[in-house]
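Chain by chain, the residues:
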Amino acid sequence: GISAEKIRVIHNGLSEIPINIVPLARRPLNVLTVANLNPRKGYLEYLFVIETVHKVVPDAQFIFVGRDDMNGEVQKAISAAGMDGFVRCEGFQADVSNYFGTTRVCVLPSLWGEGCPTSLLESMAWGVPVIANGVDGVPELIRDGVDGFLLDPRHIEKMAAQIIELLTNSQIATLLGNAGREKVARDFTIESCSRLHEQEFTKLMENT
């Protein structure tokens with residue numbers, strides 16, 4: 001019942017943009033997901049995607065970073081599927097910069113409940129191409145095919161195909177990664193976030 005004219009969205013902002021990053025083509029074939037292990041993050045469903053990718057790119061390594069809210073359910077599913085050799089859970093990490101700096105592709109397989117995921121912004125800031133399900137606020141961050149890939153959560157085969165494409169075609173991966181990095185540097189810094197807040201507060205004060 002609230003008019004869209006009364007709603008103003010201000011996205012998150014990163015405090016810094018990494019410099020001197022390693023080109024994607026020189027990074028290992030790591031596929032990173034930074035998100036707490038939670039049912040809404042889609043980890044269990046994502047394992048089916050990983051299984052498909054592994055058959056085509058057997059050297060790819062899939063890394064999950066985040067607090068475990070599922071009491072080991074994801075780890076058990078990994079072991080039951082025989083994926084221990086190429087999928088690992090790293091748990092919560094206070095500093096994830098080394099993960100982003102050594103990654104070829106970042107995937108956020110969330111099924112629902114996303115706002116403006118900081119992990120996507122961080123990935124883009126590191127020049128890493130992102131693949132994410134287009135749920136909730138995610139489409140506000142990614143232009144499909146321009147600075148990342150947006151997917152329907154039900155399209156497991158398409159997610160697998162796009163991961164394979166980015167792992168095997170460094171030219172396309174670099175184009176998407178560079179576009180994402182430029183976008184974050186332009187629109188998603190803490191300075192731009194603060195400036196937009198200041199503008200809105202100023203408008204409120206002028207209207208009181």
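Details of the structure are given in the entry above.
Each chain has its residues counted from 1, following the order in which its sequence is written. Only residues with pLDDT of 70 or above have their local features reported here, since the model is predicted, and side-chain atom pairs are shown and tallied only from 80 upward, although totals for entire chains, interfaces and linings are computed over all residues. Neither water nor hydrogens contribute to the side-chain values; these are computed over all heavy atoms in the structure.

J.: Help me understand unusual backbone geometry, please; the structure alone is not making it clear to me.
T.: Keep in mind that most residues, glycine aside, have a negative phi and that most peptide bonds are trans. Even without being a glycine, Asn20 presents a positive backbone phi close to 55 degrees. Assignment of secondary structure puts Asn20 in the segment before β1 (30-34). Relative accessible area serves as the criterion here: at 73%, Asn20 is assigned to the exposed category. Positive phi is not limited to glycine here, since Asn71 has a value of about 55 degrees. Think of it this way: any DSSP run of H or I at least four residues long counts as a helix, any run of E at least two long counts as a strand, and we number them from the N terminus. Three exposure classes are used, based on accessible area relative to the maximum for each residue type with a 1.4 Å probe and protein chains only: buried under 20%, partly exposed in between, and exposed over 50%.

J.: Would you take a moment to explain the sheet that holds strand β4 (residues 105-108) for this structure?
T.: Consider a sheet: its strands pair through backbone hydrogen bonds, and that pairing is either parallel or antiparallel. Here we have six strands laid out as an open sheet, ordered β3-β2-β1-β4-β5-β6, and parallel in their pairing. The sheet is open, and its two edges are formed by β3 (87-89) and β6 (149-151), each paired on a single side. On average, adjacent strands in this sheet sit at an angle of 20 degrees to one another, irrespective of strand direction. We call two residues in contact whenever any of their non-hydrogen atoms come within 4.5 Å of each other. Each axis is a line fitted through C-alpha atoms, taken for helices only over the stretch in contact, and angles between the N-to-C directions span 0 to 180 degrees. In the packing of helix α5 (residues 156-168) onto the sheet, contacts are made with β1, β4, β5 (130-133) and β6, and the angle to β6 comes to roughly 165 degrees. Only strands joined by at least two bridges in the DSSP assignment are considered to pair.

J.: Is there a simple way to explain the packing of helix α1 (residues 43-56) against α5 in this structure?
T.: Between two packed helices, what matters for the description is the angle formed by their axes and the separation of those axes. Contact pair α1 / α5: the axes reach a minimum separation of 9 Å and the direction vectors enclose 45 degrees. Put simply, α1 runs oblique to α5. The hand of the α1/α5 crossing is right-handed. Judged by residue contacts, Glu45, Tyr46, Phe48, Val49, Thr52, Val53 and Val56 of α1 engage Ile156, Met159, Ala160, Ile163, Ile164 and Leu167 from α5. Polar here means any residue outside two lists: the nonpolar Ala, Val, Leu, Ile, Met, Phe, Trp, Tyr, Cys and Pro, and the charged Asp, Glu, Lys and Arg; Gly therefore counts as polar. Of the residues in the contact of α1 with α5, the class split is eleven nonpolar, one polar and one charged. Here roughly perpendicular refers to angles of 65 to 115 degrees, roughly parallel to angles under 35, roughly antiparallel to angles over 145, and oblique to all remaining angles. Less than a right angle of anticlockwise turn of the near helix away from the far helix marks a crossing as left-handed, whereas a clockwise turn marks it as right-handed.

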